[in-house]
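Below are the chains, spelled out letter by letter.
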Amino acid sequence: MKKNEKINLTIKTPLSQSVWNALASADENDLRVMLALALASEGEREDIDGLLSKLELEAGELDASIKYWCGAGLLKKGRKSAKAASGDTAKREEPKKTAEPLHRGGKLERKSEMPSYSSTELAELIEKRSITAEFINEAQRVVGKIFNTHEVNILVGMIDYIGFDEASVIIILSHMVNLGKRSLRYAEQLAFSLYDEGITDAEALQLRLKKMEGYTKTESEVRAMFGMTGRSLTTKEKKFLRAWIENMGFDTEVIRLAYDITVDAIHEPAPAYANSILEGWYALGLTTTEAIAAAEDEKKQKKKATKPDGNSFDTDEFFEAALRRTFEEL
């Protein structure tokens with residue numbers, strides 16, 4: 001979406017059923033965008049820069065919400081050119097009715113946004129391709145709801161525009177349902193994310209989604225462990241969890257062990273302190289509780305052998321003191 005585009009709110013009463021469906025399926029960002037536009041003064045609708053600044057959204061998040069409400073028929077986009085401002089009539093471009101699939105033909109050319117099919121175009125697509133009708137019925141069964149026109153647009157776009165086949169889209173929808181989500185907006189954003197990673201076939205898709213589900217499960221357990229539930233993670237917390245789970249490959253039990261050591265040492269669940277412990281284990285190649293326990297036993301044995309009278313220099317105490325100093329400086 002271009003920065004000089006203007007966004008106009010269009011509300012026709014009574015509201016159609018498709019609009020009510022869109023309201024029910026909207027996520028937090030969608031509702032924030034709609035509320036901001038509804039509160040804008042008449043005749044001075046917000047531009048892109050204004051919304052990004054006021055709502056503190058990323059450009060991609062705002063773009064997704066604008067497309068969502070445009071598909072529901074509540075928003076219209078317009079762009080005021082230099083000629084229009086001087087009184088000349090700018091030539092309007094005809095919208096493209098079809099789109100080149102992203103993945104087919106060996107090309108990975110990212111487009112700016114999904115095409116929007118009219119009800120007639122969707123009906124023609126379904127009539128010409130019987131597999132599409134069967135696919136939509138299966139998709140509705142997986143998600144457990146009857147789709148509105150906008151949601152069918154998303155499904156068709158994931159196939160005809162992004163380039164996934166029907167089986168891959170069903171895999172994405174099943175993953176979405178496993179996470180307790182029902183909005184096809186999530187499936188659309190996930191499809192674009194997978195495309196950006198170059199994941200195009202069903203086998204690679206299943207492996208990636210399985211890894212994502214494992215990450216989500218571990219992240220949820222770690223958040224509960226450190227008392228991070230009921231709110232969004234801070235940037236630093238996101239960085240820690242991504243490093244522990246994805247980069248270092250630690251499971252919940254290893255992270256719990258670092259958590260226990262942290263609380264015993266400083267009497268609070270501090271992620272920065274736990275991170276120092278986990279980074280130390282990772283640097284030594286200790287990635288499981290068994291390996292950590294074996295290393296600790298070996299360290300204790302060496303400590304006994306080098307400190308028979310109890311008066312030798314204690315490296316563990318020195319390490320713990322240094323760790324505390326490092327944590328206090330963070």
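So, here's what we can say about the structure. Keep in mind that this is a model prediction, so the values were computed, not measured.

Reading the values: rules and limits
Residues numbered from 1 in each chain as written. Predicted model: local features only at pLDDT ≥ 70, side-chain atom pairs only at ≥ 80, totals over all residues. Heavy atoms only, no water. Helix = DSSP H or I, 4+ residues; strand = E, 2+ residues; numbered from the N terminus. Buried < 20%, exposed > 50% of the residue type's maximum accessible area, 1.4 Å probe, protein only. Contact = heavy atoms within 4.5 Å. Areas by Shrake-Rupley, 256 points an atom, 1.4 Å probe, with all protein chains shown as cover. Phe/Tyr/Trp six-rings, centres within 6.5 Å; stacked < 30°, edge-to-face > 60°. Core = buried A, V, L, I, M, F, W, Y, C linked by side-chain atoms within 4.5 Å. Axes fitted to C-alpha atoms, helices over the stretch in contact; angles between N-to-C directions. Parallel < 35°, antiparallel > 145°, perpendicular 65-115°, else oblique. Nonpolar A, V, L, I, M, F, W, Y, C, P; charged D, E, K, R; others polar. Salt bridge = Lys/Arg side-chain N within 4 Å of Asp/Glu carboxyl O. Expected span 1.5 Å × (residues − 1). Arc of directions from axis to C-beta.

## What to know about the overall build of the protein chain
When you go through the protein chain residue by residue, the secondary structure sums to 16 helices and two strands. By residue count, 38% of the 330 residues in the protein chain fall in the buried class. In the protein chain, once contacts between residues fewer than 6 apart in sequence are set aside, the share between residues at least 24 apart is 69%. Carbon and sulfur atoms make up 51% of the accessible area of the protein chain, which amounts to about 19900 Å² in all.

## Let's talk about unusual backbone geometry
In the Ramachandran plot, histidine 267 falls in the positive-phi region, its phi being about 65° despite a non-glycine side chain. Assignment of secondary structure puts histidine 267 in the loop between α13 (252–266) and α14 (271–283).

## Quick notes on the packing of aromatic side chains
Enumeration over the complete set of coordinates arrives at five aromatic pairs. Ring plane angle 40° and centroid distance 5.7 Å describe the contact between phenylalanine 226 and tryptophan 244, whose orientation is recorded as tilted. Of this pair, phenylalanine 226 sits in the loop between α11 (202–225) and α12 (235–247) while tryptophan 244 sits in helix α12, placing them 18 residues apart in sequence. Judged by its relative accessible area of 6%, phenylalanine 226 falls in the buried class.

## Notes on the nonpolar core
Within the largest apolar cluster, 34 residues are counted, with the highest numbers of intra-cluster contacts made by Ile172 and Leu173. Listing elements by their share of this core, those giving two or more residues are α7 (130–143), α8 (149–162), α9 (166–178), α10 (184–196) and α11. Tallying contributions element by element places α8 first for this core, with eight residues. When sequence neighbours within four positions are dropped, the list of residues in contact with leucine 173 reads Ala139, Val142, Val143, Leu155, Leu184 and Ala187.

## Regarding the packing of α9 against α11
Remark: α9 packs on α11, axes separated minimally by 10 Å, with the N-to-C direction vectors making an angle of 10°. Classed by the angle they form, the pair α9 and α11 counts as roughly parallel. Packed against α9, whose contacting residues are Ser168, Ile171, Ile172, His175 and Asn178, the element α11 presents Ala202, Leu205, Gln206, Leu209, Met212 and Glu213 at the interface. Partitioning the contact of α9 with α11 into residue classes produces six nonpolar, four polar and one charged.

## A closer look at the pattern of salt bridges
In the structure shown here, the tally under the stated rule is nine salt bridges. Residue lysine 145 is joined to glutamate 151 by a salt bridge in which the shortest nitrogen-to-oxygen separation is 2.7 Å. Arginine 208 serves as the salt-bridge partner of glutamate 197, at 2.8 Å between the closest nitrogen and oxygen. In this pair, glutamate 197 sits in the loop between α10 and α11 while arginine 208 sits in helix α11, placing the two residues 11 residues apart along the sequence. Using a relative accessible area of 41% as the deciding quantity, one classes glutamate 197 as partly exposed.

## A short note on helix α2 (residues 28–39)
Along an α-helix, a turn takes 3.6 residues, which lines up residues three or four apart on a common side. Taking 1.5 Å of rise per residue, 12 residues should cover 16 Å, and α2 covers 17 Å from first to last C-alpha, within 8% of that figure. Every buried residue of α2 is accounted for by Asn29, Asp30, Val33, Met34 and Leu37. Take α2 and look down its axis: the buried residues cluster within an arc of 130°, on one side only. In this structure, α2 carries Glu28, Leu35 and Leu39 as exposed residues pointing more than 90 degrees from its buried face.

## As for the environment of methionine 228
On the secondary structure map, methionine 228 appears in the loop between α11 and α12. Of the residues examined, methionine 228 reaches a relative accessible area of 0% and is grouped as buried. Discounting residues that sit within four places of it in the chain, methionine 228 has contacts with Arg223, Leu233, Glu237, Leu241 and Pro271.

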